[in-house]
Amino acid sequence: MNKVHIAFDLGASSGRLILGIQKGETVELEEVHRFPNDPVVINGTMYWDIPRLFHEMKQGLKKVARREDIEIQSMGIDTWGVDGAWIDEDGQMINLPIHYRDARTAKVIEEVEAVMSQDKLYSITGIQKANFNTLYQLYYDKKYNKVIQAQGRKWLFMPDLLGYFFTGKLYNEATIASTSGLVDATTKAYSQEIFDTLGFSMDWMSELVKPGTQVGTLTPQVQEETGLGAIPVIAVASHDTASAVAGAKIEKENELYLVCGTWCLMGLEVSTPQLAEEVRLAGFTNEGSAKGKIRLLKNINGLWILQQLKKCLNERDLNVDYPDIIEAAKAASHTYAIDITDERFMAPLNMEQEIIQACHEQYGVTLTSVGEVATAVYNGLGNLYQETVRQFEVLIQEEISTIHMVGGGTKDQHLCEVVSQMTGKQVIKGTTEASAMGNLLIQIQARS
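Counting from 1, residues in each chain are numbered in the order their sequence is written. For this predicted model, a pLDDT threshold of at least 70 governs which residues receive local features, and a threshold of 80 or more governs which side-chain atom pairs are given and counted, while totals over whole chains, interfaces and linings are taken from all residues. Remark: hydrogens and water are excluded; side-chain values derive from all non-hydrogen atoms of the structure.

**A look at unusual backbone geometry**
Worth spelling out the cut-off: In DSSP terms, a helix is any run of H or I states spanning at least four residues, a strand is any run of E spanning at least two, and both are numbered starting from the N terminus. Buried, partly exposed and exposed residues are distinguished by accessible area as a fraction of the type maximum, computed with a 1.4 Å probe on protein chains only: under 20%, between the cut-offs, and over 50%, respectively.
At lysine 249, a position not held by glycine, the phi torsion is positive, near 60°. Structurally, lysine 249 can be placed in the loop between helix H10 (240-248) and strand E13 (255-260). One non-glycine residue, aspartate 317, lies in positive phi territory at about 60°. Examined against the element boundaries, aspartate 317 turns out to sit in the loop between helix H12 (304-315) and helix H13 (322-331). In this structure aspartate 317 comes out as exposed when scored by relative accessible area, which is 68%.

**Considering the sheet that holds E13**
The line we're drawing: Two strands form a pair only when DSSP identifies at least two bridges running between them. Only the contacting stretch of a helix is used when fitting its axis, a line to C-alpha atoms as for every element, and angles between N-to-C directions run 0 to 180 degrees.
With mixed pairing, the 6 strands of this open sheet are ordered in space as E15-E16-E14-E13-E17-E18. At either margin of the open sheet sits one strand with a lone partner, and together these are strand E15 (285-288) and strand E18 (426-429). Neighbour to neighbour, the strand axes of the sheet diverge by 30° on average, direction disregarded.

**Remarks on the nonpolar core**
Where we set the bar: By convention a nonpolar core is built from buried Ala, Val, Leu, Ile, Met, Phe, Trp, Tyr and Cys residues, the set being connected through side-chain atoms within 4.5 Å. Contacts are residue-level and defined by heavy atoms, with any inter-residue pair within 4.5 Å sufficient.
Core analysis: the biggest nonpolar cluster contains 50 residues, and Leu258, Ile338, Ile355, Tyr385 and Leu415 have the highest contact counts within it. With 10 residues, the single largest contributor to this core is helix H15 (residues 370-396). When neighbours within four sequence positions are excluded, isoleucine 355 is seen to be in contact with Ile305, Ile338, Phe345, Val373, Ala376 and Val377. Within the second largest apolar cluster, 38 residues are counted, among which are Leu10, Ile21, Met75 and Tyr164.

So far we have only geometry, and geometry alone does not tell us how the molecule works.
Encoded structure:
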């Protein structure tokens, strides 16, 4: 009977239950259950459908419970950052988690900055300003949400909330909390200065636990519903990027990780946070890692433009898939490159035409083939990664030796070659399921 660990890996569009099957020194991954994660808009507010997500997770556990060939060792959950929900004094969730793309927090940015400037916040937390940061969500809730004002007692981030549903235990895992804009990057504890200045209560937060901590077991109710026993639940690196970096198996501080998907995160694991003003202005952020270090990173554009290009081509009935686009790009040869960071590529009506127009404006050329258009994107990605690597080298005053590339982008061998050629660095391809792998490796270590 194989010993297995259960990884729940939830992203912004879907969730998966993946088994990690221990085979000697290796871990084999097996996807057992996949389910959509579609936001729901009600009266102008965008919510995460947390009851449905919890239901689907239990359906996955039911499938696992029917297996006679495995022996379950533990379970862990990772999700996206910043979002969460409130629990009342009776332990009941009183609001659906609100989607990070919801616009409500935009109204409180200036209110927060009137009492605590962005450079001051960064000097404490190392987190870049973003409307969706948990700090702004809590400020909005406690000022404008009357139900939360009256009844909100505890805040739980998304993986902590799901962990609470499964175990009945209240906790905040350290890496997910580090995305909030509330944690002192140096002490790795919630910042008393931020809480006092903004009128927050420390009582809202639960104990910060490190990755690898067993937080409880499945409740008797979940055991009965799923057919499983008292499975240990491990707080892994609950932020999916932190788990992905753990799955990339970074060994040295001068090795970059590139978590590559619709968006890409490029960064280093460093021993101390980088909180200087020039670091903030350069766009770097500091988040917690599974090892207790700091993930110094930049959130940069990834495969979104290629995804939208494919959509446009198929709307023209060209019936192409990614391998077709990749082969066409490899056959095309030019040095024209779009500026990947240009706002014009965020959500154009027609991505193909936007790329063609951008190259015409900049170079005076008209791209005609699929390969030529795609190559302009690949060249742009290469330029962006090259510049980001240079910024990291200037920051740490050391040459970068290696880029560990994980995530869905590793399926694109041409992209891997572009990254290597443009940056001049060795590229090591890791698993496409890096978040699930990191999730599982932390469980295995915790249970060994």
